[in-house]
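# Overview (structure and organization)
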Amino acid sequence: ARRNAAQLVFVRGITHTPGLTTVSGARRTLLLGLDELERAQSNSKVASQSSSRIFLHSLPEVSGSSPAEIAKEFDKVIDTLKSRLATRLLKLRVDEIEAKVRVQSTDADGNPMVVPVRLVASSMGGEWLKTSAFIERPDPVTGVTREFCVIGEGEDAVCMLDPYDGANVIQTKRSIARRVGSTYAYDFLGLLEVGLIGEWEAYLGSVSGQSIPSNLFEAQELIEGEDGELVRGKREIGTNKVGMVAWVAKMKTPEYPEGREVVFISNDVTVQSGSFGVAEDEIFFKASKYARENKLPRVYIACNSGARIGLVDDLKPKFEIKFIDEASPSKGFEYLYLTDDVYKSLPEGSVNVEKCPEGWAIKDIIGTTEGIGVENLQGSGKIAGETSKAYDEIFTLSYVTGRSVGIGAYLVRLGQRIIQMKQGPMLLTGYGALNKLLGREVYNSQDQLGGPQVMYPNGCTHEVVDDDQQGVASIIQWLSFVPKTTDSLPAVRESADPVNRAVEWKPTPTPYDPRLMQSGTDDAPGFFDKGSYKEYLAGWGKSVVIGRGRLGGIPMGAISVETRLVEKIIPADPADPNSREAVLPQAGQVLFPDSSYKVAQALNDFNNEGLPVMIFANWRGFSGGSRDMSGEILKFGSMIVDALREYEHPIYIYFPPFGELRGGSWVVVDPTINEEKMTMFSDPEARGGILEPAGIVEIKFRLADQLKAMHRIDPQLQMLDAELEACDDTDDSAAIKDQIAAREELLKPVYLQAATEFADLHDKT
């Protein structure tokens, strides 16, 4: 067999059940095929990068429809099935779905006849499961199909002998991408279209009177022109020579049914492992600059191997070694050299040399092409600066679909907002290189260094997804909260949930889940429109909850406070055998270093997205213990003030029922920080103050003050005080004092409560 030949897995089936051309019938039959394919792929002989094909032959004859109508209906059926079964189709690597149906028709003389129609959804041309349909024309003698004629091309219909493409460049590239656990860059365009269909179906399920618009998704590739600038165009998929591609996609979304434009930039992992060379850096830089200049959202799909490491391969078989002792090479060598003939055959300037007895000793290797040295690092610095600038000026989002190394990891972090697939680690150095550095086998996978179990709890990753279709759906959902350009108003989506309805879910005095206050439950709707709230950064700074939702169709950022005890887990370091996993409890309603930083970062993100923000303030203060003081609680708490001062959109601060805001936590969200943008509201049952009532009593209403109140209010103590004042006998005075002391001891608990209530009354609205 040919080495590294593309492996194909075929599933063929015959159905006697009518209805294959309907959505329900096609879904039922396709699911059977996918089940068989899943069983077949459990065989150890099936490679992880194999390609799968499904063929279904429907024997019942279809009546009442022409072949053209069948082909048109097939387009709709495949669009629906792609949106509903995308996850399984991707997991099972289905590149072609084919169905053969028999259509009842009549010939030119009006005689009944059966027309065999072949319906194909194929990814072989580059687009994901693109549909086509053919009428089969069999040989009248043998019955074997002689040619396949395309349906829908008019009188000049194209006929071909074989409609099947063999293994081609695209299929090879798709196999390479699957080998590293990702999806071929150009296939993401198909996934985006499927994700849009799914978003529309979910939206139309909640509103009425609308339908999915035509031409839902269109993409134009950004290609370098003769002047070096990027221009919109189109080229054959798989013909790119540079491992970086970019598109401008026009997407018709529920909030922008007329269409919005988004710039997508993606590594092509099939070109030199997706590494960053000079050419790749230039494409990335120009595409990002294009997004900034046009004020468009920029989405980066990352799967790469970091900056490109280059050597002059032509020189490898030509150099010689000058050993110290030719008879004993293990003693070492003095220099590398070239013979006179080899040196003269090299291009001028490709090496720096000096004369030696053997020929020419090599001092420097220059090469003849750019991109084999630090110029790749210069390009990495260039695109790092561009990404940092892009975050400040436009909406940036990164999706890590496969391993992202070095500059690739820095780029996604500089873009701040990150969606990470479970099989997509972010690394600075591979685990193999670290093991060599440590001198022993410490790490056994890249996930130990930068997988979701590392990047999600440390706040780098905002959201973790299981596969690329789920990742694309998350990209589309995040974009739905973002204006079409940076100078546009927030995107408004029609909502079936009336804005003037009551917020029925109400917090309790005991600890509760703050997410329910925003999303609500099936029985009690919450603050935001039903089904619109989504949490981000859930794995980090768990004492604060960050999310986005819609209020009356208007997108908003949301910051709320966890009232329950949470745990912060610090993992053990595999390189240190003495380290142990540490579990640190964090009390509810308290700002810790990580949660303070989380609030500040969320405010910066919301500000750049052009969102108004709702802060459900419910903090008792900052954690001021020695561990948190050394953990820079002051620094991160101050960052909240900086973020609020620079905020350019409305900020609403709301004290929920039974909430409280005290001490430093009030200071960092006080409306005087940004009076033009900030407004504060409170529920009548909420509280605000410098300290909690119990703390105020310890300072401002101590026992002496409580005793004065007892003697002023309690009739029995007043009577005993009068008796003591009138008594002259020492023994009687002592007895009265004992009675007073006993009475005071009896009243202390209730007067402490009264003092606490007195202090609490100062904190009410």
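Relevant structure appears above.
Bear in mind the structure is a predicted one, so any value in this text is a computation, not a measurement. The residue numbers shown here count from 1 along each chain, following its written sequence. Reporting of local features is limited, given that this is a predicted model, to residues whose pLDDT is at least 70; pairs of side-chain atoms are given and counted only at 80 or more, and all residues count toward the totals for whole chains, interfaces and linings. Hydrogens and water are ignored here; the side-chain numbers use all heavy atoms of the structure.

This brings us to the sheet that holds strand S21 (residues 463-465). Spatially, the 8 strands line up as an open sheet ordered S9-S8-S10-S11-S12-S17-S19-S21, and their pairing is mixed. Every other strand in the sheet has two partners, leaving strand S9 (230-233) and S21 as the edge strands with one partner each. Strand-to-strand twist across the sheet, computed as the mean angle between neighbouring axes with direction ignored, equals 25°. Think of it this way: DSSP has to see at least two bridges between two strands before they count as a pair. Elements are defined by DSSP. Helices are runs of H or I of four residues or more, strands are runs of E of two residues or more, and each kind is numbered from the N terminus. Bridging between strand S12 (residues 298-302) and strand S17 (residues 396-400) involves 5 bridges; their strand directions are parallel. Paired with Arg298 across the bridge in S17 is Thr396. Any two residues whose heavy atoms approach within 4.5 Å are treated as being in contact. Only the stretch in contact is used when a helix axis is fitted, and all axes are lines through C-alpha atoms; the angle between N-to-C directions ranges over 0 to 180 degrees. Where helix H4 (residues 187-204) meets the sheet, its contacts fall on strand S8 (217-224), strand S10 (244-251), strand S11 (260-267), S12 and S17, and the angle it forms with S8 comes to roughly 150°.

Next up on the list: the environment of Gly553. Turning to its location among the elements, Gly553 is positioned in the loop between strand S23 (544-551) and strand S24 (554-561). Look at Gly553 and you get buried, because its relative accessible area is 0%. With sequence-adjacent residues up to four places away left out, Gly553 is seen in contact with Ala491, Val492, Arg493, Ser495 and Asp529. When accessible area is computed with a 1.4 Å probe and restricted to protein chains, residues below 20% of their type maximum are described as buried, those above 50% as exposed, and intermediate ones as partly exposed.

At their nearest, the axes of helix H18 (residues 693-700) and helix H21 (residues 730-761) sit 8 Å apart, and the two run at 105° to each other. Regarding the angle of H18 to H21, the classification is roughly perpendicular. Within the contact between the two elements, H18 uses Pro693, Ala694, Ile696 and Val697 and H21 uses Leu752, Ala755, Thr756, Ala759 and Asp760. Orientation labels follow simple angle bins: below 35 degrees gives roughly parallel, above 145 gives roughly antiparallel, 65 to 115 gives roughly perpendicular, and whatever is left gives oblique.

Patches in this entry comprise residues that are over 30% relatively accessible and not in a salt bridge; like charges within 9 Å are linked, as are nonpolar side chains (Val, Leu, Ile, Met, Phe, Trp, Tyr) within 5 Å. Per-residue and other accessible areas were derived by the Shrake-Rupley procedure at a 1.4 Å probe size, with only the shown protein chains allowed to occlude residues. A pairing counts as a salt bridge when a side-chain nitrogen of Lys or Arg comes within 4 Å of a carboxyl oxygen of Asp or Glu. Taken together, the side chains of Phe319, Ile321, Phe333 and Leu336 make up a nonpolar region of the molecular surface, amounting to roughly 320 Å² of accessible area. Residue classification places Phe319 among the partly exposed positions, given a relative accessible area of 33%.

Here the focus is the packing of aromatic side chains. In summary, the pairing rule links any two rings of Phe, Tyr or Trp, Trp by its six-membered ring, whose centres are within 6.5 Å, and it sorts them by plane angle into stacked for under 30 degrees, edge-to-face for over 60 and tilted for everything else. The final tally for this structure, using the stated rule, is 17 aromatic pairs. Taking 4.9 Å as the distance between ring centres and 35° as the angle between the ring planes, the aromatic pair formed by Tyr343 and Trp360 counts as tilted. With a gap of 17 residues between them, Tyr343 in helix H6 (residues 340-345) and Trp360 in strand S16 (residues 359-365) connect regions that are remote in the sequence. Ring centres of Tyr597 and Phe636 lie 5.0 Å apart, and the angle between their planes is 15°; on these two criteria the pair is classed as stacked. One end of the pair, Tyr597, is in helix H14 (residues 593-608); the other, Phe636, is in helix H16 (residues 633-645), with 39 residues separating them in the sequence. By relative accessible area, Phe636 is classed as buried at 15%. The structure contains a cluster of three or more aromatic residues connected by ring pairs, namely Phe527, Phe528, Tyr533, Phe616 and Tyr654.

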